[in-house]
Amino acid sequence: MNDQSDRAVQPRAPRDAQAGTLAEALRRLRTQARLTLQQLSDRSAISVSTLSKIENGQLSPTYEKIAALAIGLGVNVSDLFNQAPKPVPLGRRSITKAGGGIVHETDLYVYEVLNADLADKRFVPLFTTIKAHSVGEFRTLLRHDGEEFIYVLEGTVIVNTEFYAPCTLNKGDAMYFDSTMGHACISGSDEDAKVLWVCSHVTLGQAT
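Everything numeric here is computed off the predicted structure, so don't read it as measured data.

1. Re the side chain of Ser 60
- Within the secondary structure, Ser 60 sits in the loop between α3 (48-55) and α4 (63-73).
- Residue class for Ser 60 comes out buried when judged on its relative accessible area of 19%.
- A polar atom in the side chain of Ser 60 sits 3.4 Å from the backbone oxygen of Glu 105.

2. Topic: helix α2 (residues 37-44)
- Considered for burial, the residues of α2 that qualify are Leu 40, Ser 41 and Ser 44. Projected down its long axis, α2 carries its buried residues within an arc of 105°, all on one side.
- Once α2 ends, the next one or two residues include Ala 45, with phi positive near 60°.

3. Here's the deal with the pairing of strand β5 (residues 157-161)
- Of all five residues in β5, four are buried; the element is thus mostly enclosed.
- In this structure, β5 lies alongside strand β6 (residues 167-169), joined through three bridges in antiparallel fashion. Within β6, the residue paired with Val 159 across the bridge is Cys 167.
- Hairpin connection from β5 to β6: five residues lie between these consecutive antiparallel strands.
- Both β5 and strand β8 (residues 183-187) contribute to a ladder of five bridges, which runs antiparallel. Bridging across to β8, Asn 160 finds its partner in Ala 184.

4. Focus: the nonpolar core
- Counting 45 residues, the largest nonpolar core has Leu 80, Val 157 and Trp 197 as its most contacted members.
- Top contributing element to this core by residue count: α4, with seven residues.

5. Structural notes on the pairing of strand β3 (residues 123-130)
- Counting buried residues along β3, six of its eight residues qualify, which places the element largely inside the surrounding structure.
- Note that strand β2 (residues 109-113) and β3 share five bridges and pair antiparallel. When the sheet's bridge partners are listed, Tyr 109 is paired in β3 with Ile 130.
- Two strands pair when backbone bridges link them, and β3 and strand β9 (residues 193-200) are joined in this way by eight bridges, in the antiparallel orientation.

6. Quick notes on the environment of Ile 158
- Following the sequence through the fold, Ile 158 ends up in strand β5.
- Considered as a pair, Ile 158 and Thr 168 are ten residues apart in the sequence and their alpha carbons are 4.4 Å apart.
- Discounting chain neighbours no more than four positions away, the residues touching Ile 158 are Pro 166, Cys 167, Thr 168, Ala 184, Cys 185, Ile 186 and Gly 188.

7. Focus: the confidence of the model for the chain
- When pLDDT is averaged across the chain, the result is 83; 83% of the residues are at 70 or more.
- pLDDT under 50 marks residues 2-19. Its contacts with residues more than four places away, or in other chains, come to 68 contacts.
- Across residues 203-208 the pLDDT falls below 50, and counting only partners more than four positions away or on other chains, this stretch makes eight contacts in the model.

8. Quick look at the state of the cysteines
- This structure, assessed with the given rule, holds zero disulfides.
- Cys 185 provides the cysteine sulfur closest to Cys 167, a residue in no disulfide bond, and the two sulfurs are 9.8 Å apart.
- Summary of cysteine pairing: Cys 185 is not part of a disulfide, and the nearest cysteine sulfur, belonging to Cys 199, is at 9.8 Å.

9. Some thoughts on the pattern of salt bridges
- Counted under the stated rule, the structure contains four salt bridges.
- Residue Arg 27 is joined to Glu 55 by a salt bridge in which the shortest nitrogen-to-oxygen separation is 4.0 Å. Of this pair, Arg 27 sits in helix α1 (residues 15-32) while Glu 55 sits in helix α3, and the two are 28 residues apart along the sequence.
- The shortest N-O distance in the salt bridge between Glu 105 and Lys 131 comes to 3.9 Å. One end of the pair, Glu 105, is in strand β1 (residues 102-105); the other, Lys 131, is in the loop between β3 and β4 (147-154), with 26 residues separating them in the sequence. Both residues of the pair, Glu 105 and Lys 131, count as buried.
- Taken together, the shared-partner salt bridges in this structure form one network comprising Arg 27, Arg 30 and Glu 55.

About the thresholds
- Residues numbered from 1 in each chain as written.
- Predicted model: local features only at pLDDT ≥ 70, side-chain atom pairs only at ≥ 80, totals over all residues.
- Heavy atoms only, no water.
- Helix = DSSP H or I, 4+ residues; strand = E, 2+ residues; numbered from the N terminus.
- Buried < 20%, exposed > 50% of the residue type's maximum accessible area, 1.4 Å probe, protein only.
- Polar contact = N/O pair within 3.5 Å; in protein donor to acceptor, adjacent residues only side chain to side chain.
- Arc of directions from axis to C-beta.
- Pairing = 2+ DSSP bridges.
- Core = buried A, V, L, I, M, F, W, Y, C linked by side-chain atoms within 4.5 Å.
- Contact = heavy atoms within 4.5 Å.
- pLDDT = per-residue confidence, 0-100.
- Disulfide = S-S within 2.5 Å.
- Salt bridge = Lys/Arg side-chain N within 4 Å of Asp/Glu carboxyl O.

Okay, structure coming up:
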């Protein structure tokens, strides 16, 4: 699940704070893994200059790049939104109150990362506002490892995929698809659409 840059859902944290959360987590995880920027670049296929900008809070990466960073670091996507590592007890649980997720904003989508306090999850739940209204807003169809599930909460969503004709989803409709297939979701009306978007996590060992 991807796009071109990054924005927010209510309540909206200052953009600096949003960037800071990801930047600090990335720097901490890279240091813990004893990786140089060049080594992480080799693992994630993201340029050193781009990595440096993300770590310094100067660039808000797309979900596609966040997923690539997670694979390069050998962690879960959600770990990149945790400010500090937490123990993993048996019978664990996590609750996110309405509007209490971590917001990550791009030009095309606004992600609210749900249950970000829980590490090592097997999937990443996101409350997402789809701001894009034309597939032409995407430089290319997006793709990354894993699988995705979308459930439309408000509005209309048009899902463009590499191997299928565009599909229109209305409120209450759902779709499950392979994330490695090129895809781009846009709002099918004048209003921004809102969806529950769930992405599976792929570890470094599972990546192809």
